[in-house]
Amino acid sequence: YSLADDYSHEIWHNTLSPVLYADFLESINTEPENIPSIISKLSKLDYENLKDIFIDVQENKEQAKKKLKLYNIC
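Here goes a summary of the coordinates provided. Residue numbers here run from 1 along each chain, matching the order of that chain's written sequence. The predicted origin of the model limits local features to residues at a pLDDT of at least 70 and limits the giving and counting of side-chain atom pairs to 80 or more, whereas totals for whole chains, interfaces and linings rest on all residues. Only hydrogens and water are removed before side-chain values are computed, so all heavy atoms of the structure are retained for them.

1. What to know about the nonpolar core
Piece 1. The definition of a nonpolar core used throughout is a set of buried Ala, Val, Leu, Ile, Met, Phe, Trp, Tyr and Cys residues joined through side-chain atoms within 4.5 Å. We call a residue buried when its accessible area falls under 20% of the maximum for its residue type, exposed when it is over 50%, and partly exposed in between, using a 1.4 Å probe and counting protein chains only. Judged by nonpolar contacts, F24, I28, I35, I38, L42, L45, I53, V57, A64, L68 and I73 together constitute the single largest core of 11 residues.
Piece 2. For this core, the secondary-structure elements that each account for two or more residues are α1 (10-28), α2 (35-43), α3 (47-59) and α4 (61-70).
Piece 3. Considering each element in turn, this core owes the most residues, 3 residues, to α2.
Piece 4. Excluding anything up to four places from it in sequence, I28 contacts I35, I38, L68 and C74. In this text, helices come from DSSP runs of H or I with a minimum length of four residues, and strands from runs of E with a minimum of two, each type numbered from the N-terminal end. Whether two residues are in contact is decided by their heavy atoms, any of which lying within 4.5 Å being enough.

Next comes the structure, spelled out in structure tokens:
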């Protein structure tokens, strides 16, 4: 945890997290009450699939939507 919670990285988490979350919400395009189950499903993916989805969430939302359907996330 000491590496993951390095205080010097906090500025990047605070700067990038809202942008990533906004892109994620745009990609899933659902009602707020569905978000917890979507996040739960995402947490069960392996790292590579999760990484691929979130790269697409930022760079290609249509491809992200396809992957989210492929993995039965939403």
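2. Focus: α3
Piece 1. Relative to the 18 Å expected for 13 residues at 1.5 Å per residue, α3 spans 18 Å between its end C-alpha atoms, a close match to the ideal helical length.
Piece 2. Three or more residues of α3 are buried, namely N49, I53, D56 and V57. One face of α3 carries all of its buried residues, which in axial projection span an arc of 110°. Away from its buried face, by an angle of more than 90 degrees, α3 presents the exposed residues Y47 and E59.
Piece 3. A 3.5 Å cut-off defines polar contacts: any pair of N or O atoms within that distance qualifies, except that in protein one atom must be a possible hydrogen donor and the other a possible acceptor, and neighbouring residues in sequence count only when both atoms are side-chain atoms. Capping the start of α3 is the job of one residue whose side-chain oxygen sits 3.2 Å from the backbone nitrogen of E48: D46. The span you would expect from a helix comes to 1.5 Å times its residue count less one. Taking the helix axis as origin, the arc is that swept by the directions to the C-beta atoms.

3. Concerning the packing of α3 against α4
Piece 1. Lines fitted to C-alpha atoms define the axes, with helix axes restricted to the stretch in contact, and inter-axis angles between N-to-C directions lie between 0 and 180 degrees. Direction vectors running N to C along α3 and α4 enclose 150°, while the axes themselves pass 6 Å from each other. Contact residues: α3 offers D52, I53, D56, V57, Q58 and E59, while α4 offers K61, Q63, A64, K67 and L68.
Piece 2. Residues that form the contact of α3 with α4 fall into these classes: 4 nonpolar, 2 polar and 5 charged. Charged residues are taken to be Asp, Glu, Lys and Arg, nonpolar residues to be Ala, Val, Leu, Ile, Met, Phe, Trp, Tyr, Cys and Pro, and polar residues to be all remaining types, Gly included.

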